[in-house]
Each structure stands twice: as structure tokens, then as C-alpha cells.
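What follows is the residue order along each chain.
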Amino acid sequence: MLTENMTAAEVLEKYRDDVYRLAAYLPWLTEKSGTSVSSVYRADGEGRPTVAFPVYDATLLKFVKEAQATGLMDRNYHYVMSRNRLRDAADVRNFISNLTILQMDQWAGVLSYYVLGGQTKSRLWSEGMSEGIFLDLVEKAKELIDFWTNAEVTKGEQSE
């Protein structure tokens, strides 16, 4: 269901718990954002060529696994990226900064692009960290959820 067709309270109910699960990684994301969290492993193959593969920071892998375990993953993330013409990290950061609570499905699509897409394109996990995309995504979602949670509390207090 598109969140544009939902109320803010329904969006909060759907996304709050999952966003707070990912928000637990904010201190680490803040510390490591903009840095490389992967390296390339090459086995010494006694003179034979070997296949190199990336090795990621354990906390990044936990973050990715946690994101995958939430209800936030959208397998149709390609549509979100193409519909919003998100071609590079600058486009994504600009898009994230302008999101509203009623666009949380779009937010989830971008998160899915970097999390699920990173399973087949390893550069996406590294790009998500080095360009600060993971940090921006989690900060924006937490900001929106916190704002609307406080608005709901305030609204509830006024009606009593």
C-alpha cells in the first residue's frame, strides 16, 4: 500500500518499530559514515591467480541483516529509483532531504536499493557508507517518526 494514501498515524504504526530498530545503529553510522568499511581479500594462491572479493565491517553486515529482517524491504526498489530519477548519490541525498512522512514507502525503496541491491552489486553497501546514504536514510526516517510521534502525543493531550 502506498503511504500517500495513508494517514500519518497509519504510517507511524507501520514504520515506527522498524525505523527504531535501525536507529540503534545511528552512533556507528555517524562515526563511520564517509569512510571505507570494506577491504578486498586476495588469497595467496601459490602463483596462481585467485578471485578477489570484498570483506565488510561486521557492524555493516549486522545493519544490513537487521534491515533485511524488517518489513521495510521493497523488492520493487528499481521503480522507486527510476520514477524519482535517482541516478547518483547526490540525487539520492537530495531526495532523502525532501521526504515527508507520507513518502515512507519511497524511503523504504531507496533503503532497499542499497540493502538488497548490495547483495548482487557489492559497491552499493560501500557506496551507502562512503557517501553517507545509510546515515541520511536512518536520520531522516527517525526525524520524521519522532516529529509525528510527538505530534500525536501533543494532539492526544489537547483533546483530554
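The structure reproduced in this document is the subject of the present report. Computed from a predicted model, the values in this text were never measured in an experiment.

1. A short note on the overall build of the protein
Scanning the protein from terminus to terminus reveals eight helices and two strands. Mapped from its N terminus to its C terminus, the protein presents α and β elements in the order α-α-β-β-α-α-α-α-α-α. Expressed as a percentage of the 160 residues in the protein, the buried residues total 41%. Here the analysis covers contacts within the protein between residues at least 6 apart in sequence; of these, 72% occur between residues at least 24 apart. Surface exposure of the protein reaches about 9,200 Å², of which carbon and sulfur atoms provide 50%.

2. Considering the packing of aromatic side chains
Two aromatic rings, taken as a pair, are described by how far apart their centres are and by the angle between their planes. Applying the stated criterion to the full structure yields seven aromatic pairs. Where Phe63 meets Phe134, the ring centres are 5.1 Å apart and the plane angle is 65°; that geometry is what we call edge-to-face. Placement of the pair is Phe63 in helix 3 (residues 58-69) and Phe134 in helix 8 (residues 133-158), with a sequence separation of 71 residues. Just as Phe63 is buried, Phe134 falls in that class too. Summarising the aromatic geometry, the rings of Tyr77 and Tyr113 are spaced 5.9 Å apart at their centres and angled 65° between planes, so their arrangement reads as edge-to-face.

3. Notes on the nonpolar core
Of all hydrophobic cores here, the largest spans 50 residues; its most connected members are Leu29, Leu60, Met104, Trp107, Val110, Leu111 and Phe134. Elements with a contribution of two residues or more to this core: helix 1 (8-23), helix 2 (26-32), helix 3, helix 4 (77-83), helix 5 (89-97), helix 6 (104-117), helix 7 (123-130) and helix 8. Counting residues per element, this core draws most heavily on helix 6, at nine residues. Dropping the residues within four chain positions of it, Leu60 is found in contact with Trp28, Val37, Trp125, Met129 and Phe134.

4. Observations regarding the pattern of salt bridges
As enumerated under the stated definition, the model contains six salt bridges in all. Of the charged contacts, one joins Glu143 and Lys140 as a salt bridge, the two residues approaching to 3.8 Å between their closest N and O atoms. One end of the pair is Glu143 and the other is Lys140, both in helix 8 and three residues apart, which spans about a single turn.

5. Thoughts on the packing of helix 1 against helix 6
Look at helix 1 against helix 6: their axes get within 11 Å of each other, and the N-to-C directions meet at 35°. Once helix 1 is placed against helix 6, the crossing between them reads as left-handed. Every residue of helix 6 that contacts helix 1 at Val11, Tyr15, Val19 and Leu22 is listed here: Met104, Asp105, Trp107, Ala108 and Leu111. The class makeup of the residues in the contact of helix 1 with helix 6 is eight nonpolar, no polar and one charged.

Calculation criteria
Residues numbered from 1 in each chain as written. Predicted model: local features only at pLDDT ≥ 70, side-chain atom pairs only at ≥ 80, totals over all residues. Heavy atoms only, no water. Helix = DSSP H or I, 4+ residues; strand = E, 2+ residues; numbered from the N terminus. Buried < 20%, exposed > 50% of the residue type's maximum accessible area, 1.4 Å probe, protein only. Contact = heavy atoms within 4.5 Å. Areas by Shrake-Rupley, 256 points an atom, 1.4 Å probe, with all protein chains shown as cover. Phe/Tyr/Trp six-rings, centres within 6.5 Å; stacked < 30°, edge-to-face > 60°. Core = buried A, V, L, I, M, F, W, Y, C linked by side-chain atoms within 4.5 Å. Salt bridge = Lys/Arg side-chain N within 4 Å of Asp/Glu carboxyl O. Axes fitted to C-alpha atoms, helices over the stretch in contact; angles between N-to-C directions. Left-handed = near helix turned anticlockwise from the far one by under 90°. Nonpolar A, V, L, I, M, F, W, Y, C, P; charged D, E, K, R; others polar.

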